[in-house]
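Each chain, letter by letter, is given below.
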Amino acid sequence: EPEVTQTPSHQVTQMGQEVILHCVPISNHLYFYWYRQILGQKVEFLVSFYNNEISEKSEIFDDQFSVERPDGSNFTLKIRSTKLEDSAMYFCASKGQLNTEAFFGQGTRLTVV
Amino acid sequence: DQQVKQNSPSLSVQEGRISILNCDYTNSMFDYFLWYKKYPAEGPTFLISISSIKDKNEDGRFTVFLNKSAKHLSLHIVPSQPGDSAVYFCISRGSTLGRLYFGRGTQLTVWP
């Protein structure tokens, strides 16, 4: 069964450092998303991406965040200068059509120290 | 942002009995709802969905009920099985671009 793959499973970084989280969506999918879940809180939407551009972003997704689909298979989330409060589980998701369900990766746990 | 609320953080049910997970929403513009389940160390996986034009959708042991006037939905699992033990997220699709609004989740434990 096709799946969304995220790497690494756990990333530890120092405050102020840049971090890139990697995702390989399902190959024929067109819509891509990043969500995050801070420990003990809700899963929150960060950004959606379609046709090589951001289609929607939340207030969390400020100038420190960026997304890229560099080679047609990977979908990355970059945080330029990490803060302690960026520590969370980050989920990538993809879907083939708008009216179908999203498939989620297993998540990357980001710990900022 | 409390647009989707799951007020019960946990539910414990004996195997074979019915599990009922509840969810409320505040935004009357929401027109599509989903339930996902999540096992530890895995991502959320789709379980069942319902459009606002329906009040019930059934798939095997899983049934979702939607009461639009009360802005309430529920997921029924019958009979419950130990393998159903997971976190269940009530989710609303909030825009035509597919953004999802999650509830906090309910940890379901099904004991033998």
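Our structure is the block above this text.
Structural notes, computed from the coordinates. Just so we're clear, the structure is a prediction, and the values are computed from it rather than from any experiment. (Residues numbered from 1 in each chain as written. Chains lettered and ligands numbered in written order. Predicted model: local features only at pLDDT ≥ 70, side-chain atom pairs only at ≥ 80, totals over all residues. Heavy atoms only, no water.)

Turning next to the sheet that holds strand β3 (residues 19-25) of chain B. All names here are of chain B. If you trace the five strands from one edge of the open sheet to the other, you get β1-β3-β8-β7-β6, paired in antiparallel fashion. Edge positions in the sheet fall to β1 (4-5) and β6 (56-59), since each has one partner strand and no second. In the sheet, strand β7 (residues 62-67) pairs with strand β8 (residues 72-77) via six bridges, with the strands oriented antiparallel. Among the inter-strand pairings, Asn67 is bridged to a residue of β8, identified as His72. (Pairing = 2+ DSSP bridges. Helix = DSSP H or I, 4+ residues; strand = E, 2+ residues; numbered from the N terminus.)

Our focus in this paragraph is the packing of aromatic side chains. Aromatic ring pairs: the centre-centre distance and the angle between the two ring planes describe each pair. Under the defined criterion, the tally for this structure stands at 17 aromatic pairs over all chains. Here the aromatic rings of Phe49 of chain A and Phe75 of chain A are separated by 5.3 Å at their centres, their planes lie at 45°, and the arrangement is tilted. Of the two residues, Phe49 of chain A sits in strand β5 (residues 43-50) while Phe75 of chain A sits in the loop between β7 (65-68) and β8 (76-79), which places them 26 residues apart along the sequence. On the basis of an interplanar angle of 75° and a centroid distance of 5.7 Å, the ring pair of Tyr36 of chain B and Phe46 of chain B is categorised as edge-to-face. Here Phe46 of chain B lies in strand β5 (residues 45-51) and Tyr36 of chain B lies in strand β4 (residues 32-38), a separation of 10 residues in the sequence. Overall, Tyr36 of chain B belongs to the buried group, its relative accessible area being 0%. In textbook terms, an aromatic cluster arises when at least three aromatic residues are bridged by ring pairs, as seen for Tyr33, Tyr35, Phe45, Phe91 and Phe104 of chain A together with Tyr36, Phe46, Phe89 and Phe102 of chain B. Over the aromatic face of Tyr32 of chain B sits the side chain of Arg93 of chain B, whose NZ or CZ is 4.2 Å from the ring centroid. (Phe/Tyr/Trp six-rings, centres within 6.5 Å; stacked < 30°, edge-to-face > 60°. Buried < 20%, exposed > 50% of the residue type's maximum accessible area, 1.4 Å probe, protein only. Lys NZ or Arg CZ within 6 Å of the ring centre and 35° of its normal.)

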